[in-house]
Amino acid sequence: MAQAGFECFCVDLAHSAGDETRDGVTWIGADIRHWLPPPRRYAIVFAAPPCTNLAVSGARWFKEKGMGGLTEAIEIVEACRRVCEWSGAPWMIENPVSTLGSYWRKPDFSFHPHEFGGYEGGGADDYVKRTCLWTGGGFRFPQKREIPAFRPLFIHNMQPSDERGSLRSVTPPGFARAVFEANVGRAAASPRH
């Protein structure tokens, strides 16, 4: 979206404290539960709360993580939902197959990355990873442009490393492009945020 001239904000505790703008994106090191977005007319809002304490792929560790992990995860999802609805723009909250369907509501849509790999930037999205979306504000689910899934166990078999968690949680670029095109379009008369 930044490449299309939109002002973009990315809020995550993983970013260093303070704000830093690079390539049209303002990276904000903050806890979404305590952050208020600047007043703007927003074009779209993506939220990808951490799945560590929600994804069913990690269910075998839920008991040892305890109720604190689940409580924190639900608080973060709720903060994302509040910001999304407040924006007045089309929005989506993304998470892999998780317990959100039990604690909140069933997802509106789900997809695998390879189903949108035919979009610009999606050439490396040739893998499966069922991902769910909770949406609102007039969100439009994009048309699929599939590429063959050549790495069906890519996410599952990713090598251990310090970056493994971050790499496994990246939003597939082809899907991001598809959502942008379906909800904002290639051109905008007056760029929004």
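Everything discussed here concerns the structure shown above.
In this text, all values refer to a predicted model and were calculated from it rather than measured experimentally. (Residues numbered from 1 in each chain as written. Predicted model: local features only at pLDDT ≥ 70, side-chain atom pairs only at ≥ 80, totals over all residues. Heavy atoms only, no water.)

Once that is clear, we can look at the pattern of salt bridges. Enumeration according to the criterion identifies 11 salt bridges in this entry. As a salt-bridge pair, Arg22 and Glu20 come within 3.3 Å of each other at their nearest N and O atoms. Of the residues examined, Glu20 reaches a relative accessible area of 36% and is grouped as partly exposed. Here Glu72 and Arg33 are joined by a salt bridge, their closest N and O atoms 3.6 Å apart. Here Glu72 is found in helix α1 (residues 62-87), whereas its partner Arg33 is found in the loop between β3 (25-29) and β4 (45-47), with 39 residues between them in sequence. (Salt bridge = Lys/Arg side-chain N within 4 Å of Asp/Glu carboxyl O. Buried < 20%, exposed > 50% of the residue type's maximum accessible area, 1.4 Å probe, protein only. Helix = DSSP H or I, 4+ residues; strand = E, 2+ residues; numbered from the N terminus.)

A few words now on the pairing of strand β7 (residues 131-136). In terms of burial, β7 is largely enclosed, as six of its six residues are buried. Alternating residues of β7 divide into Thr131, Leu133 and Thr135 and Cys132, Trp134 and Gly136, and every residue in both groups is buried. Examined bridge by bridge, strand β5 (residues 91-96) and β7 share six bridges and lie antiparallel to one another. Following the sheet pairing, Glu94 is matched in β7 by Leu133. Relative to β7, strand β6 (residues 109-111) runs antiparallel, the two being bridged by three bridges. Bridging from a neighbouring strand, Phe109 pairs with Leu133 of β7. (Pairing = 2+ DSSP bridges.)

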